[in-house]
Amino acid sequence: MDRRVEGSKEAVEKMKSMQIKRVTNPQVIEIVDDWGERIVKQAQLQLESVLSKPKADFSQLCQLKGTRKIDSLASLYAVQISLLGAKDIKNPALSTKEQEVMDAYLYNAENKISQISNIQKLGDSLFIYTSPIPLTNRICQKCFGEDATHLAVWRVRFRKSDVIRKVNAKSLENKRKS
């Protein structure tokens, strides 16, 4: 009986995700910005609380390993969440555009210029939301303390298809009307 109820809930969710929706590029960017901000806020709170524990393994935590809440956020929103530092400017796994954004964050950190979050579109199907962490934050100190700048940046990778599939059609309608 329980499986049948679970199965029906899964079926309802699958039907909702298959609903035909008209989502424009500006709407996708707005959704990515909103979701990215939410994800970063929750992930940062989680990582800060775990890093404050006296027996925390910083090497694993700073790579976001063993952080169940961050893993569940990634699963819920169908995104990839990572924490980047100054060394990642040369990371070949990042696109050229992402390396340029990281270079700009590093320049701003070195020159004590205020930092803001950023969205980059990579090709037709990927969006990268980046959000710098204040230099005085525990994450910068514990995870990137050996770097001169202590630069730490959240990176959330969204696939456009997942954003469209997960967005609620009713919320899009309400935004269009307002």
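Remember, it's a predicted structure, so these values are computed and weren't measured experimentally.

Asks: When you look at the pattern of salt bridges in this model, what are you seeing that I'm missing?
Replies: Summed over all chains, the structure comprises five salt bridges. The closest approach of N and O atoms between Asp 34 and Arg 38, which form a salt bridge, is 3.0 Å. A residue pair is termed a helical-turn pair when its members lie 3 or 4 positions apart in one helix, as Asp 34 and Arg 38 do in helix H2 (residues 25-51) at four residues. The exposure class of Asp 34 is partly exposed, given its relative accessible area of 28%. Ionic pairing is found between Asp 162 and Arg 165, a salt bridge with its closest N-O pair at 2.9 Å. With a gap of three residues between them, Asp 162 and Arg 165 both fall in helix H7 (residues 160-166), about one helical turn apart.

Asks: I would appreciate a short explanation of the packing of H2 against helix H4 (residues 68-77) in the present structure.
Replies: Helix packing for two helices is described by the angle between their axes and how far apart those axes are. For the pair H2 and H4, the least separation of the axes is 9 Å and the interaxial angle reads 165°. One way to sum up the angle between H2 and H4 is to call them roughly antiparallel. Two packed elements cross with a definite hand, and for H2 against H4 that hand is right-handed. Residues Trp 35, Arg 38, Ile 39, Gln 42, Ala 43, Gln 46 and Leu 47 of H2 form the contact with H4, whose participating residues are Lys 69, Ile 70, Leu 73 and Tyr 77. The class makeup of the residues in the contact of H2 with H4 is seven nonpolar, two polar and two charged.

Asks: Looking at this structure, how should I read the sheet that holds strand S1 (residues 79-85)?
Replies: Picture the strands of a sheet paired through backbone hydrogen bonds; they go either parallel or antiparallel. Spatial ordering of the open sheet is given by S1-S4-S3-S2, a layout of four strands whose pairing is antiparallel. One side of each edge strand has no neighbouring strand; the edge strands of this open sheet are S1 and strand S2 (118-122). Ignoring which end each strand starts from, the neighbouring axes of this sheet average 20° apart. With five bridges joining them, S2 and strand S3 (residues 126-132) adopt antiparallel strand pairing. Bridging from a neighbouring strand, Lys 121 pairs with Phe 127 of S3. Against the sheet, H2 touches S1, S2, S3 and strand S4 (152-159), its axis set at about 135° to S4. Each of S1, S2, S3 and S4 touches helix H5 (residues 96-110); the most contacted strand, S2, lies at about 160° to it.

Rules used throughout
- Residues numbered from 1 in each chain as written.
- Predicted model: local features only at pLDDT ≥ 70, side-chain atom pairs only at ≥ 80, totals over all residues.
- Heavy atoms only, no water.
- Salt bridge = Lys/Arg side-chain N within 4 Å of Asp/Glu carboxyl O.
- Helix = DSSP H or I, 4+ residues; strand = E, 2+ residues; numbered from the N terminus.
- Buried < 20%, exposed > 50% of the residue type's maximum accessible area, 1.4 Å probe, protein only.
- Axes fitted to C-alpha atoms, helices over the stretch in contact; angles between N-to-C directions.
- Parallel < 35°, antiparallel > 145°, perpendicular 65-115°, else oblique.
- Left-handed = near helix turned anticlockwise from the far one by under 90°.
- Contact = heavy atoms within 4.5 Å.
- Nonpolar A, V, L, I, M, F, W, Y, C, P; charged D, E, K, R; others polar.
- Pairing = 2+ DSSP bridges.

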